[in-house]
Amino acid sequence: MLSRLRTGYVWFRAFRRTRPFWGGVWLVAGGWTVLKFSLSSLQLIVSTGFGGVAGYLVGGGMILCGLIPLALPAQRYTFGLIGVVLAVVSLVVSNLGGFLLGMALGILGGSMMVGWGARRPRGRPATVEVEV
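The numbers attached to residues start from 1 for each chain and follow its sequence in the written order. Only residues with pLDDT of 70 or above have their local features reported here, since the model is predicted, and side-chain atom pairs are shown and tallied only from 80 upward, although totals for entire chains, interfaces and linings are computed over all residues. Side-chain metrics rest on all non-hydrogen atoms present in the structure, leaving aside hydrogens and water.

Draft legend 1. Geometry of the packing of helix α5 (residues 76-93) against helix α7 (residues 101-115). In this analysis, axes come from line fits to C-alpha atoms, helices being fitted only over the stretch in contact, and the angle between any two N-to-C directions falls in the range 0 to 180 degrees. Helix and strand assignments follow DSSP, with helices taken as H or I runs no shorter than four residues and strands as E runs no shorter than two, numbered in order from the N terminus. At a closest axis distance of 8 Å, the pairing of α5 and α7 adopts a crossing angle of 165°. On the basis of their axis angle, the class for α5 and α7 is roughly antiparallel. Where α5 crosses over α7, the two elements pack in a sense that is left-handed. Contacts between α5 and α7 pair Arg-76, Tyr-77, Gly-80, Leu-81, Val-84, Ala-87, Val-88, Ser-90 and Leu-91 from the former with Met-103, Gly-106, Ile-107, Gly-110, Ser-111, Met-113 and Val-114 from the latter. Roughly parallel means an angle under 35 degrees; roughly antiparallel, over 145; roughly perpendicular, 65 to 115; everything else is oblique. Should the near helix be turned anticlockwise from the far one by less than a right angle, the crossing is left-handed, and should it be turned clockwise, the crossing is right-handed. Note on definitions: a residue-residue contact is assigned when non-hydrogen atoms from the two residues lie within 4.5 Å.

This is how it looks when you write it as structure tokens:
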């Protein structure tokens, strides 16, 4: 039992270090917050049209933008920027972006994703080559 737990911890640690994990977590949390604050009855959503559906689309898009780079880390720039744009759009379409909390979490997560870089091995300083 303990060895399985240890193996799971080692796997999760390696997974977390090779992907923009915390950016994805914050972006998913922001999308969930936007989605949660835009929940309303189906009859109201159908009667209001795009204004009612926009909260669902933006919140769901933020969640997807947070999950996709966990599977494809090379796409972190694209989905980080799209996540930030959706977070800012949520200010307009979904109850002030989940009362500003969802928008702030989305901007934080998206910017963490864009700024994430893979860890370099220890002991090897980064070398800069200059052409003359």
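Draft legend 2. Spotlight on the side chain of Ser-90. Residue placement: Ser-90 occurs in helix α5. Summary of the burial criterion: residues with accessible area below 20% of their type's maximum are buried, those above 50% are exposed, and those between are partly exposed, where the area comes from a 1.4 Å probe applied to protein chains only. The class of Ser-90 is buried, set by a relative accessible area of 0%. Setting aside residues up to four positions removed in sequence, Ser-90 forms contacts with Val-34, Val-58, Leu-96, Gly-97 and Met-103.

Fair warning: the whole summary comes from geometry, so function is off the table for now.
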